Every structure is written in C-alpha cells, then in structure tokens.
Amino acid sequence: MHQRPPLMPLIAALPSTVPFVGPEAQERERGSAFRARIGANESSFGPSPRVIARMAEIASDMWMYCDPDNFDLKVAVAAHHGVKAENVVVGEGIDGLLSLVARMYVAPGDAVVTSLGAYPTFNFHIAGVGGRLVTVAYENDRESLDGLLAAVRRDKAPLVYLSNPDNPMGSWWEASEIIRFIEALPQTTMLVLDEAYGELGPASALPPIDISRPNVIRMRTFSKAYGLAGIRCGYAIAEAQVIRDFEKIRNHYGVSRMAQIAGVEALADQHYLQSVVARVAAGRRRIAGIAEANGLKPLASATNFVTIDCCGDGAFALKVLQALLSRDVFIRKPMVPRLDRCIRVSVGLDHELDIFAEELPGALAAARGN
C-alpha cells in the first residue's frame, strides 16, 4: 500500500465543496445542453466588436508570455478612473484578488464579516486561510450596513466584505450611505468593496474613488458589463502601499496576454459599454414583466440580473428552479433563509428570454403540483 503525504491540518479539515456548480457540469450530468443560459450573470451580448477584432488580430501572439507587470492595462485602468498606475493591481477576476486579500489580512481564527447569503467565493477563500466567518442577515433584501458595522466592532474583524450593487439580490446602497459606512469603520479593518456590477447600476451608487484611505479596496471586473467573463480579468484600486502589498504575493503570470490586451481595448470602447448598459436595462424590464405576468414579484435591480420573489417559501422556489432546469433553462437562486424564497434570472439574449417566458408558467404549475 502506498502512503499519501499528509495535508496541512487546515486544508484536511475543509469540506470537499466548491462555491458553484457550473452550467457545464450540470449539462454533463444531464447529458444535454441548456437552451437558455441565464443563471451565471454573464453578458450574453459579449464583448465589443472592436475587442473581438483585436483579440483575433493578436491570437497568433499567444506563444508569448504575458507582461507580468500588466503595465498597459494598469495604465488604462488608472486613466479610466483618474488615479495613478501605482493605485491599481490586476488579477484573475475579482475571485483571484479575493484570494490574495484573504492571505494578506486574515490569520487563522480571525473574525471576517460578510452578509449571510452574499458572494460565496469570498467565504471559500476565507475558509481556505482559516478565518472565522461572521455573517450578518440581510435587511429588506439589502446588505445591512449597520449590522455589518456592529459585527466588525464586536468581533474586532480585520476584514469586511460588502458588494454594491449586490449579488444575489440585485439591491444597492446610494454612495452617501457607503461613504457613511466607510467613515464609521475602524481604521484597523480593511473593507473589500466589490463593485463587479458597478457599471450597470445608477452612478449615484458609486462613491468617488479616494485612494488616500488605506483601509478600502475597490474591486471591478471585465466579466459583467464588458462581456469578458471567459478571460478572467479584474482589478482592484487602493492606496499605493496596499497595492505594493498585493504585489508581494500575486501570481505575476496569472493574467494572460489575451486578457490584458482585451481589457485595454474594452476600456477604450465606452460607447459599446453604454449600449450594453441600455440593453441590460431593457432586459431587466422584460424579466420583471414576465415575472409579474405569472403572479411573481421582481425585485428592483442595479445589476444584469433580476431576483424574483416566488411568493412562497424556500422549498417552493427550489421546485421552481428545478422545474426550469428540467425544461432546459439554467438559472440560479439564493439558498439562505429569507432570501431563498427567490430565484435569480440573468439578462440574456431575446431568444433566451423568449424561452424563459414560455417555460415559466409550466415550471410554476409543476412546482405547485398542478
């Protein structure tokens, strides 16, 4: 018998779970493809045509390693946001950056504050470094700023996570409330402000970027409004020393040459971005209309998805989700109490929303046992 080298105790104690089961895994298990892929909050509209053209132009250059400094993309991001390149770090999507933040600020046993039901990948990375998650319930389908602040103070947390606009509910806080929250935080607590959906919500939800605050990290991605989820590229903006600390441990060859160049080109085409924002807003209205036509309650959204209150309990909403999956419609839903009464539907192409509209009545009937 061969003996397996022992894992570190922390890793050995972790459950063998992942934050998400992707639609591809579900399709393999089902043995068939989904007709409507409207569950992962991707942008079915895809990237800008000029981004696609540039990616095609440079495809033959992919034999080269990427620029480990991400220089051109950092400069482009800095110019876009009116900061310096020293205030920007690029990573493998927000997920990759969250992994670094966990390593940078959390020791085993440290309390880390987040909302109950918020982005699960953050929790995954905190567990991976031995942090102790402290969760705060949503309040009126929004992350509770006062609740998060109270938990930070009570547990002396070195790190707190807040998404604005929010996933999975699509809700948001106005910038004035976010600023109030930041100003009330202990200086010893780092805030991760996840703005993955920032381009899709009202401008009034985004506070001005203040790189003088050393305890705030603002995160953005090319996966949502820019339509580049498949290339895994995001960035963080923070005070210069915080960025230098990222540089100590980040994967310097983690963001591909293709991703870096596509990101630069995407930022340059703001006209296309605004067209996507308009199409997403129209898609949200259509999803809301479909929900209302079926007696359900759509929640106001500042993202590229609509969370729909199924007007029952979590068990009923789960039946609705399962019935839609069986009808080849991929969606997702919140799973924690109170939020779990809902399903979540991403804005998709017209034909995908046609399919959702066609299949929802039957799914509801099946969930009700009719």
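This text follows the structure it describes.
Residues numbered from 1 in each chain as written. Predicted model: local features only at pLDDT ≥ 70, side-chain atom pairs only at ≥ 80, totals over all residues. Heavy atoms only, no water.

As a further point, take a nonpolar patch on the surface. Together, Leu7, Met8, Leu10 and Ile11 make up a nonpolar patch on the protein surface, roughly 390 Å² of accessible area in all. Mapped onto the elements of the fold, isoleucine 11 is located in helix 1 (residues 9-12). The class of isoleucine 11 is partly exposed, set by a relative accessible area of 37%. (Patch = residues over 30% accessible without salt bridge, like charges linked within 9 Å, V, L, I, M, F, W, Y side chains within 5 Å. Areas by Shrake-Rupley, 256 points an atom, 1.4 Å probe, with all protein chains shown as cover. Salt bridge = Lys/Arg side-chain N within 4 Å of Asp/Glu carboxyl O. Helix = DSSP H or I, 4+ residues; strand = E, 2+ residues; numbered from the N terminus. Buried < 20%, exposed > 50% of the residue type's maximum accessible area, 1.4 Å probe, protein only.)

Right, let's get into empty space enclosed by the protein. Here the structure, examined in full by the defined rule, presents three cavities of 30 Å³ or more. Along the walls of the largest cavity sit Glu42, Ser43, Phe45, Leu200, Lys224, Ala225, Val276, Val280, Asn304 and Val347, which together make up its complete lining. Considered class by class, the residues forming the lining of the largest cavity number six nonpolar, two polar and two charged. (1 Å grid on protein atoms, 1.4 Å probe; cavity = no way out; pocket = protein on both sides within 12 Å on 5 of 7 lines; lining within 4 Å. Points joined across faces, edges and corners; volume = space filled by probe spheres on them. Nonpolar A, V, L, I, M, F, W, Y, C, P; charged D, E, K, R; others polar.)

It is at 9 Å that the axes of helix 3 (residues 49-58) and helix 10 (residues 257-268) come closest, and there the two elements cross at 150 degrees. As the angle between them shows, helix 3 and helix 10 are arranged roughly antiparallel. In the crossing of helix 3 with helix 10, the sense of the turn from one axis to the other is right-handed. For the pair helix 3 and helix 10, contact is made by Arg50, Val51, Arg54, Met55 and Ile58 and by Met258, Ile261, Ala262, Glu265, Ala266 and Ala268, respectively. Broken down by class, the residue content of the contact of helix 3 with helix 10 amounts to eight nonpolar, no polar and three charged. (Axes fitted to C-alpha atoms, helices over the stretch in contact; angles between N-to-C directions. Parallel < 35°, antiparallel > 145°, perpendicular 65-115°, else oblique. Left-handed = near helix turned anticlockwise from the far one by under 90°. Contact = heavy atoms within 4.5 Å.)

Okay, the pairing of strand 5 (residues 159-163) next. With respect to burial, strand 5 is a largely interior element, five of its five residues being buried. Every second residue of strand 5 is oriented toward a common face, with Leu159, Tyr161 and Ser163 on one face and Val160 and Leu162 on the other, all of them buried. One ladder, built from two bridges, connects strand 3 (residues 111-115) with strand 5; its direction is parallel. From the neighbouring strand, valine 113 faces strand 5, where its bridge partner is valine 160. As defined by bridge partners, strand 5 adjoins strand 6 (residues 190-194) across five bridges and the pair is classed as parallel. Paired with serine 163 across the two strands is aspartate 194, which belongs to strand 6. This β-α-β element, strand 5 to helix 8 (residues 175-184) to strand 6, shows right-handed connectivity. (Pairing = 2+ DSSP bridges. Right-handed = clockwise from strand over helix to strand, strands pointing away.)

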